[in-house]
Amino acid sequence: MKCYITTPIYYVNDIPHIGHSYTTIASDILARWKRLNNFNVFFLTGTDEHGIKIAIAAKEKGKTPQELCDEMSAKFKEAWKLLNISYTDFIRTTEQRHFIAVEKIVQDLLDKGFIFKKKYEGLYCVGCERFFTQKDLDENGCCSFHKTKPALQSEENYFFKLSSFQDALLERLTNPNHKEYIEIQPEERKNEIIGKLKLGLEDISFSRSAIEWGIPLPFDKKQTVYVWVDALINYITAIGYPKNEVTFQKYWPADVHLMAKDILWFHSVIWPAILMGTGLPLPKKVYSHGFFTLDGNKMSKSLGNVISPQELVDKYGVDAARYLVVTLIPFGPDGDISWQELTLKYNTDLANNLGNLISRTIKMAEKHFNLQVPETKPDLELAKKVTTTIKESFALNMDNIQLHKAAEILQNAITLVNRQIEIDTPWTLAKTDMNKLASCIYSYLQAISIIIMHLLSFMPSISEKIWQIIGASGNINETAKKYFIDAIIPENGFSVVNSQLQTPGILFPRIV
Ligand code: MSP
């Protein structure tokens with residue numbers, strides 16, 4: 001089975017920060033989880049490089065737009081490398097393959113009668129790259145997101161007949177039995193979209209005449225394609241549209257488009273309308289998460305409070321940074337984060353709970369069993385208990401991208417094993433019953449191996465390392481793939497008797 005997952009393509013006028021990282025890490029965790037569940041995953045990210053915003057940013061920096069795009073796009077690639085993002089493809093909208101796809105879609109829409117020309121006057125917010133009507137603005141006449149007054153612009157543009165898709169969209173967004181049903185998540189945001197849709201749709205500007213930095217319309221080279229139309233089409237360009245029919249058919253429609261609430265409208269209304277206009281199938285799911293603020297403030301360059309991926313990695317290490325960013329606030333609603341809370345969660349979940357479990361287990365094995373999996377009759381009771389704790393709700397939460405809940409289930413499982421150690425009091429067994437001690441340590445190792453396979457999508461590198469530390473056999477990815485199909489623990493466990501263990505060092509040093 002295939003699974004096509006996308007992040008938004010990010011504007012190159014900004015450097016990658018924790019906001020972009022949030023969506024990208026969450027998508028990566030989903031992609032890794034799906035791969036472990038034997039899906040053939042295509043995971044796409046990239047950069048959105050056209051439009052007035054980019055042209056202005058380049059001018060301010062004394063660069064050509066293309067120079068700025070090359071430089072900034074590389075920064076996103078570096079950030080994703082740093083965060084261990086396993087994308088299948090990274091698309092840039094300035095690539096030739098994308099021009100071909102955009103030209104084809106735009107021409108198709110014209111041929112099918114969905115494009116017309118008209119003189120237009122409207123209020124344009126450069127930050128959002130969109131026209132607003134008076135009713136969309138706040139009480140001060142500003143864009144509620146950028147808090148700036150959109151400028152009045154007047155030009156002759158091509159328009160897209162968005163209004164003619166209102167009924168078809170309503171049907172597809174509200175009727176789960178429709179064969180082209182698009183699921184919008186979460187429910188509250190879906191209701192907002194439906195509410196707005198019911199108020200009626202206006203046709204939208206499809207091209208700009210004054211902006212050169214874009215893809216020229218194939219039928220009127222003096223105009224460029226509106227940057228949002230250009231950007232959305234990236235999702236089909238990357239899987240081969242229109243030239244590579246085989247890969248396109250293999251992966252389209254998208255299984256989930258992920259993004260924050262700021263751009264849900266474009267993905268759940270405008271994008272499906274464009275696809276319907278050209279007769280292409282619609283995405284299955286559009287999932288928007290909330291916006292997060294830092295210490296109660298919006299993150300912005302001017303406030304100087306933007307957290308970079310590098311800062312996160314420097315402080316917590318790659319794996320912990322990935323884990324913390326996606327588990328600190330629930331995935332869906334808005335939330336506030338702070339360095340203090342990130343550190344508190346790091347110390348609680350990783351240094352104290354997980355780190356402590358690994359370290360105390362290995363220390364006992366080192367002291368009493370020569371750093372080997374103790375020789376004993378395999379006891380899988382605890383591992384089975386852990387499996388029951390994790391099992392169904394973990395998978396359900398991962399599939400629904402409720403990553404904070406999935407992580408909580410894992411923390412409960414870790415706590416369960418730590419508690420079992422307190423109950424067993426192996427430090428007294430060491431004096432009284434070495435056979436029982438061997439069996440206990442063996443059982444902790446098996447329980448840990450189950451937990452680690454589930455942590456793998458969140459923390460890929462350190463999970464592999466822990467797999468070695470606990471002497472578990474085979475490659476963790478291959479073993480987890482098999483385990484996720486049949487949920488069967490091998491008769492002798494994953495950490496087989498007499499296997500060599502490794503001293504872990506301090507996996508998650510406490511941070512004060
Ligand atoms: N280029 C468009 C997207 C086109 S997709 C066809 C764009 N780019 S953006 O650089 O502004 O990225 C917006 C996205 O970045 C959000 O939807 C979200 O995924 C992520 N975030 C940026 N800041 C964020 C927060 N403060 N909080 C959560 N997510 C944030 O829009």
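Everything here concerns the structure above.
Residues numbered from 1 in each chain as written. Predicted model: local features only at pLDDT ≥ 70, side-chain atom pairs only at ≥ 80, totals over all residues. Heavy atoms only, no water.

(A) Local environment of the sheet that holds strand β12 (residues 256-260). Here six strands make up an open sheet; going across it, the order is β3-β2-β1-β12-β13-β7 and the pairing parallel. One side of each edge strand has no neighbouring strand; the edge strands of this open sheet are β3 (89-92) and β7 (183-185). Between one strand and the next, the sheet's axes are offset by a mean angle of 20°, whatever the strand orientation. Sheet topology note: the strand β2 (residues 40-48)/β3 ladder contains four bridges and is parallel. Looking across to β3, one finds that T47 is bridged to R92. Across the face of the sheet, helix α10 (residues 264-278) comes into contact with β7, β12 and β13 (285-289) while running at roughly 140° to β12. (Pairing = 2+ DSSP bridges. Helix = DSSP H or I, 4+ residues; strand = E, 2+ residues; numbered from the N terminus. Axes fitted to C-alpha atoms, helices over the stretch in contact; angles between N-to-C directions. Contact = heavy atoms within 4.5 Å.)

(B) Quick peek at the site of the ligand. Residues in contact with the ligand amount to 24 residues; listed here are only the nearest, I9, T23, D48, A260 and D262. Backbone polar atom of Y11 to an oxygen atom of the ligand: 3.0 Å apart, as the coordinates give it. In this structure, F292 approaches the ligand through a main-chain N or O atom, which is 3.1 Å from a nitrogen atom. Contact with the protein chains hides 93% of the accessible area of the ligand, taken as 680 Å² for the molecule alone. Elements supplying a minimum of two residues to the shell around the ligand: β1 (2-11), α1 (18-36), α7 (227-232), α8 (234-237) and β12. No other element matches the four residues that β1 contributes to the shell around the ligand. (Near = heavy atom within 4 Å. Polar contact = N/O pair within 3.5 Å; in protein donor to acceptor, adjacent residues only side chain to side chain. Areas by Shrake-Rupley, 256 points an atom, 1.4 Å probe, with all protein chains shown as cover.)

(C) Broad picture of empty space enclosed by the protein. One pass over the full model with this rule turns up two cavities of 30 Å³ or more. The space that makes up the largest cavity amounts to roughly 60 Å³. Every residue lining the largest cavity is counted, 13 residues in all, and those nearest its centre are G51, R208, I211, V225 and V227. Estimated volume of the second largest cavity: approximately 40 Å³. (1 Å grid on protein atoms, 1.4 Å probe; cavity = no way out; pocket = protein on both sides within 12 Å on 5 of 7 lines; lining within 4 Å. Points joined across faces, edges and corners; volume = space filled by probe spheres on them.)

(D) How the structure looks around α10. For α10, built from 15 residues, the straight-helix expectation of 21 Å at 1.5 Å per residue is met to within 8% by its first-to-last C-alpha distance of 21 Å. The sharpest bend along α10 measures roughly 30° and falls at I270, with the proline P272 sitting one to four residues further on. Two residues or fewer after α10 comes G279, characterised by a positive phi angle close to 80°. (Expected span 1.5 Å × (residues − 1). Bend = angle between axes of the 7 residues up to and from the residue.)

(E) View of the pattern of salt bridges. Inspection of the entire model under this criterion finds 20 salt bridges. Between R92 and D70 there is a salt bridge, with the nearest N and O atoms lying 2.7 Å from each other. Remark: D70 occurs in helix α3 (residues 65-82) and R92 occurs in strand β3; sequence separation between them is 22 residues. We classify R92 as buried; its relative accessible area is 16%. As a salt-bridge pair, D220 and K117 come within 3.8 Å of each other at their nearest N and O atoms. Here D220, found in strand β11 (residues 220-225), pairs with K117, found in strand β4 (residues 115-125); they are 103 residues apart in sequence, far enough to count as distant. What makes D220 buried here is its relative accessible area of 12%. (Salt bridge = Lys/Arg side-chain N within 4 Å of Asp/Glu carboxyl O. Buried < 20%, exposed > 50% of the residue type's maximum accessible area, 1.4 Å probe, protein only.)

(F) Quick peek at the pairing of β4. In the sheet, β4 pairs with strand β6 (residues 151-160) via 10 bridges, with the strands oriented antiparallel. Following the sheet pairing, F116 is matched in β6 by F159. In this sheet, strand β5 (residues 130-132) lies alongside β4 in antiparallel orientation, the contact comprising three bridges. The residue bridging Y124 from the neighbouring strand is F131, located in β5.

(G) Inspection of helix α6 (residues 187-198) at higher detail. Along its 12 residues, α6 runs 16 Å from first to last C-alpha, staying within 8% of the 16 Å computed at 1.5 Å per residue. Taken together, the buried positions of α6 are occupied by R189, K190, I193, I194 and L197. The buried residues of α6 all sit within an arc of 140° when viewed along its axis, so they share a single face. Residues of α6 that are exposed and point over 90 degrees away from its buried face: E188, E192 and K198. Looking at the buried residues of α6, the elements they touch are α5 (166-174), β7, α10 and β13. Remark: G200 follows α6 within two positions and exhibits a positive phi of approximately 110°. (Arc of directions from axis to C-beta.)

(H) Here's a closer look at unusual backbone geometry. Residue P186 is bonded to the preceding Q185 through a cis peptide linkage, with omega at -10°. Looking at the element boundaries, P186 is found in the loop between β7 and α6. In the segment running from W252 into P253, the intervening peptide bond is cis, with an omega of 5°. Assignment of secondary structure puts P253 in the loop between α9 (245-251) and β12. For N498, which is not a glycine, the phi torsion comes out positive at approximately 75°. Structurally, N498 can be placed in the segment after α19 (476-486). In this structure N498 comes out as partly exposed when scored by relative accessible area, which is 39%.

(I) How the structure looks around the packing of helix α13 (residues 339-369) against helix α17 (residues 434-455). As a packed pair, α13 and α17 sit with axes 10 Å apart at the nearest point and diverge in direction by 145°. For the pair α13 and α17, the crossing hand works out as left-handed. Two secondary-structure elements touch here, α13 through L354, L357, I358, T361, I362, M364, A365, H368 and F369 and α17 through M434, L437, A438, I441, Y444, L445, I448, I452 and L455. Here the residues of the contact of α13 with α17 are counted per class, giving 16 nonpolar, two polar and no charged. (Left-handed = near helix turned anticlockwise from the far one by under 90°. Nonpolar A, V, L, I, M, F, W, Y, C, P; charged D, E, K, R; others polar.)

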